[in-house]
Amino acid sequence: MPKQARAGRSAPPTLGFVTSTVAGEQTFDSLDPRTGAVVASHPVHTAEDVRTAVRRAEEAARWWRGLGFDGRRTRLLAWKKALVARLDEVAAVVVAETGKPLDDARLELVLAIDHVDWAATHAKKVLGRRSVNPGLLGANQAASVGYPPLGVVGVIGPWNYPVFTPMGSIAYALAAGNTVVFKPSELTPGVGEILARTLHDAVPERALVEVVTGFGETGAALCGAGVGKIAFTGSTATGKRVMAACAETLTPVLIECGGKDAMVVAADADLDAAADAAVWGGMSNAGQTCVGVERVYVVEQVADEFVAKVAALVPSAHYGPMTMPSQADVVRRHVADAIAKGGRVVVEGSIEGNVVDPVVILDVPEDSVAVTEETFGPLLVVNRVPDAAEAVRRANATGYGLGASVFAGAGAMRIAESLRCGMVSVNGVISFAGIPALPFGGVGDSGFGRIHGADGLREFTRPQAIARQRFALPVPVTSFTRTAAHMRTLLTLVAARHGRTLR
Ligand code: NDP
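Let me sum up the structure you'll find in this document. Note that the coordinates shown come from a computational prediction; the quantities given were computed from them, not determined experimentally.

### Re the packing of helix α1 (residues 47–66) against helix α7 (residues 216–223)
With their axes 9 Å apart at the nearest point, α1 and α7 run at an angle of 45° to one another. In terms of orientation, α1 and α7 fall into the oblique class. The chirality of how α1 crosses α7 is right-handed. Of α7, the residues touching α1 (which contributes Ala47, Val50 and Val54) are Thr218, Ala221 and Leu222. Its residues assigned to classes, the contact of α1 with α7 shows five nonpolar, one polar and no charged.

### Here's the deal with the packing of aromatic side chains
Applying the stated criterion to the full structure yields five aromatic pairs. Judged by centre distance (5.7 Å) and plane angle (75°), the rings of Trp159 and Phe376 are edge-to-face. Linking Trp159 in the loop between β6 (152–156) and α5 (164–175) with Phe376 in the loop between α12 (369–372) and β17 (379–385), this pair joins segments that are 217 residues apart in sequence. By relative accessible area, which is 11% here, Phe376 ends up buried. One residue, Arg72, lies across the ring of Phe69, its end atom 5.0 Å from the ring centre. Looking at Arg458, its charged tip hangs above the ring of Tyr147, at a distance of 5.9 Å from the centre.

### Some points on the layout of surface pockets
In this structure, the second largest pocket spans a volume of roughly 440 Å³. If you go around the second largest pocket, you meet 25 residues; those closest to its centre are Leu111, Tyr161, Phe164, Thr289 and Ile430. Elements with a contribution of two residues or more to the lining of the second largest pocket: α4 (102–127) and α5. In terms of residue count, α4 provides more of the lining of the second largest pocket than any other element does, four residues in total. Taken domain by domain, the makeup of the lining of the second largest pocket includes at least three residues from each of domain 1 (54–258 + 436–471) and domain 2 (262–420).

About the thresholds
Residues numbered from 1 in each chain as written. Predicted model: local features only at pLDDT ≥ 70, side-chain atom pairs only at ≥ 80, totals over all residues. Heavy atoms only, no water. Axes fitted to C-alpha atoms, helices over the stretch in contact; angles between N-to-C directions. Helix = DSSP H or I, 4+ residues; strand = E, 2+ residues; numbered from the N terminus. Parallel < 35°, antiparallel > 145°, perpendicular 65-115°, else oblique. Left-handed = near helix turned anticlockwise from the far one by under 90°. Contact = heavy atoms within 4.5 Å. Nonpolar A, V, L, I, M, F, W, Y, C, P; charged D, E, K, R; others polar. Phe/Tyr/Trp six-rings, centres within 6.5 Å; stacked < 30°, edge-to-face > 60°. Buried < 20%, exposed > 50% of the residue type's maximum accessible area, 1.4 Å probe, protein only. Lys NZ or Arg CZ within 6 Å of the ring centre and 35° of its normal. 1 Å grid on protein atoms, 1.4 Å probe; cavity = no way out; pocket = protein on both sides within 12 Å on 5 of 7 lines; lining within 4 Å. Points joined across faces, edges and corners; volume = space filled by probe spheres on them. Domains from an automatic or database assignment.

Structure (structure tokens):
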């Protein structure tokens, strides 16, 4: 079902903000969350439309694969250049559909451009066929592994970082030799369309990214449309639905879901840097960041100083309205529960309509929903702990496991390694997301599989093993011409190779 209609509009009874039916085609509006004004109308693509898009993408995929790594690299770098030249044009659509500040939209694009570059320039090295040691029994073989593409990858994306997040799948899937059918969030369809347009303008030979727009049903249709893989980013609840739908056709899935990321602040941390990172990590993008800081565990002896620094920095936070107003209700519920359970409000922000001011609450019981559930809003829970070990224990006591951050001195790496999550920033926040060589993804309720880096490239391929016989073995062990003497020779070789005890 469509998400709740946004500010300035009321939802028609059954189909959210579907606005019209033109020549049998339903359309819906994307809205500016700052004003409620219509940004643009987009088609509600049906299951048949989705299948047609996948068929077109399959045809383009054959051509794209045939270009090889070098041909694809040239074209993806042309796209990168186009994105740089049209950065503000794309950023304007991001701002209009999400309400985030222009510089935040620009930053999102800058990071995405870096990923396009990395994926394009590293695909050959990471995915090109490579030789492996054939071992004793395969001494007569040339053994190699290649990573051919899957064909068409279906990408289903969220609205919070409508460029950066799906590009983590799109750029890597393309560089690996696939084409893409992209279903952007119903809140940010225009961003999906302009991204595809910039690619088509830079590489006009084929449509490498087909965009299908609509609501959850359009995404569900993509899951059943026979693509080589679904790369889903969104909430854990929808991720489970996507996985169940994909199970019907054994379509593989990459699932990037929500998080409840913790920051650990040790006694020997740089408190100025930690406070700055906590405020940015918790409040930027109105807290609507999957790897945003939602919980801080600060060691008792530095807690007062840390909290004072956080409280001093918060008033400078500037991030725009919530993109989806229903999220303000979630923040309201989490704040109320935290206070009811005994949390002490340090910074009390007001919540009016879809504008939520920063809220910081101290000593929130661990069974409060502000600690156990993803808030996805500008609420920072700061809890005092006796030592870093207890901070780690509490940080890990959640079903989620996306990212984390650590502010500490000499013990920082040890703390980082003991956190149960996919990514950690040490003495920084969300730093891993801007390093293209690092894999991005979570564990547990945060999902599985990886975008970015070499792992992110391999995610959109299937490893293909080839053993090429160079000459016949003198000991034919896999033939009916094998004799007892052949087996004796083989067993002697194995005893010599594996039978010795190491002292
Ligand atoms: P949703 O789960 O609501 O939606 C994600 C996407 O799935 C949207 O395109 C949505 O379409 C589509 N969808 C909805 N129902 C179905 C269905 N049955 N089958 C297939 N697709 C469907 O998430 P949000 O868009 O609200 O994004 C916020 C969530 O995303 C947060 O939990 C956040 O933590 C997470 N996230 C995770 C990231 C990560 O990398 N791990 C990064 C960014 C966000 P429609 O919008 O039309 O309903």
